[in-house]
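Coordinate inspection notes
So you can see what is in the structure, the chains are spelled out below.
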Amino acid sequence: MYGKCGSIQKVRELFDKMQHPGAVSWNVMIAGYAMHGYNKHGLNLFEQMNYFGTKPDPVSFICVLFACSHAGLVDDGCKYFNGMSTFYSIIPRMDHYVCMVDLLGRAGYLVEAFYFVIKMPLKLDMVVWMCLLGACRSHKNIGLGEFVARLLFELDTKNAAPYVLLSNISAEADRWDDVHKVRKLMIDRGIEKLPGCSWIEVHTMVHVFCVGDKSHPQTQEIYIKLDKLLREIKGAGYVPDTRFVLNDVEEEEKEFILCHHSERLAIAFGLLKSPPGTTIRVVKNLRVCGDCHIATKFISKVAAREILVRDANRFHLFKHGQCSCGDLWRLLVIMRKQAAHASML
Ligand code: ZN
Ligand code: ZN
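Procedures and definitions
Residues numbered from 1 in each chain as written. Chains lettered and ligands numbered in written order. Predicted model: local features only at pLDDT ≥ 70, side-chain atom pairs only at ≥ 80, totals over all residues. Heavy atoms only, no water. Axes fitted to C-alpha atoms, helices over the stretch in contact; angles between N-to-C directions. Helix = DSSP H or I, 4+ residues; strand = E, 2+ residues; numbered from the N terminus. Parallel < 35°, antiparallel > 145°, perpendicular 65-115°, else oblique. Left-handed = near helix turned anticlockwise from the far one by under 90°. Contact = heavy atoms within 4.5 Å. Pairing = 2+ DSSP bridges. Donors = N, O, S within 2.8 Å, 3.2 Å for Na, K, Ca; no water. Tetrahedral: all angles 85-135°; square planar, octahedral: opposite > 155°, others 65-115°. Buried < 20%, exposed > 50% of the residue type's maximum accessible area, 1.4 Å probe, protein only.

Between two packed helices, the angle of one axis relative to the other and the distance separating the axes together describe the packing. Across the interface, helix 1 (residues 8-17) lies against helix 2 (residues 23-35) with an axial gap of 10 Å and an inter-helix angle of 155°. In terms of orientation, helix 1 and helix 2 fall into the roughly antiparallel class. Considering how the two elements wind past one another, helix 1 and helix 2 form a crossing that is left-handed. For the pair helix 1 and helix 2, the contacting residues are Ile 8, Val 11, Arg 12 and Phe 15 in the first and Ser 25, Trp 26, Val 28, Met 29, Gly 32 and Tyr 33 in the second.

Glancing now at the sheet that holds strand 3 (residues 280-284). Within the open sheet, the 6 strands sit side by side as 2-1-3-4-5-6. Their pairing is mixed. If you trace the sheet from one side to the other, it starts and ends with strand 2 (205-210) and strand 6 (322-323), each paired once. Strand direction decides the pairing type here: strand 4 (residues 307-310) and strand 5 (residues 315-319), joined by 4 bridges, are antiparallel. Bridge pairing links Leu 308 to Leu 317 in strand 5. The strands that helix 14 (residues 262-273) touches are strand 1 (197-202), strand 2, strand 3 and strand 4; relative to strand 1, the one it contacts most, it runs at about 15°. Across the face of the sheet, helix 15 (residues 290-302) comes into contact with strand 4, strand 5 and strand 6 while running at roughly 40° to strand 5.

Another point: the coordination of the zinc ion (ligand 2). Protein-derived coordination of the zinc ion (ligand 2) comes from His 293 (NE2), His 316 (ND1), Cys 323 (SG) and Cys 325 (SG), at a distance range of 2.0 to 2.3 Å. Of note is the zinc ion (ligand 2), whose 4 donor atoms meet at the metal with angles of 102 to 113° in an arrangement that counts as tetrahedral. Mapped onto the sequence, the donors of the zinc ion (ligand 2) take the spacing H-x22-H-x6-C-x1-C. In terms of burial, His 316 and Cys 325 fall into one category: buried.

Note that every value here comes from positions in space, so none of it alone points to a role or purpose.
Written out as structure tokens, the structure reads:
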């Protein structure tokens, strides 16, 4: 419960009080560290778990592979995955394969990830292909992305996710004709997209916000606060990254859309309604976009608040202008690309 609410220190305090933690407790602690971006702590704990004689179970390996994936530790991840059956007699399940595709895909090894998928000894499902498609988007691989998306359209005819991802990949490449084709296909097939929503609890009441939401009774106050925040963070150096708006609209309108993403409305409301110095906790059903990630770093600095955002993937603890996720894997991808470029020269 503490882990899922973002209080990782509390989890550690409780864990340290346990006389003989079992595999479940070790797993919760390792997963907690990994979800909060303390990947090395998680991996060290896994080694300690072994040292103290607690046998890892299949869930332990999901936690470990998640940590490797988010830290960009491809070699370590492969080592743990291969070690599962060799040293621990654990046959990898679908979850483990998905973690491996995520690990390879995040680090930019898209071709390796693709061959890994087609060689899998299990029946392929949606999740593993979605994971690869997500990586195609991150690394702007339109060719492979389109191929995988078309496979997904046939696998699950009612799921909007692959359509949205393919539309995003095309929009990011300025291929607006392709974006319109995918949108038309969605309409023809009657597929509806899940709207981005964020939740925040204030005085035991949960408040929900969607993108550009104006249904909240205190909408006016929230939007005034957002405008004020925008001026402050721009003063601190924030420049809106409008690549994260995937509509064919004018720059100013893109900036307007970005500034009213659901998590920003929830954060502004939290700043208005909670005492100074308290942590703001927001939950989002989708991933936080890159621009909101940057903006929230600035907000944590100008408002002098800790802001915890749990998105569809992980926790982000924004503090003093930084995020606990550290953007580490993105840096690793850039470094790898630079190294490859250097070796070509
Ligand atoms: Zn956003
Ligand atoms: Zn983050």
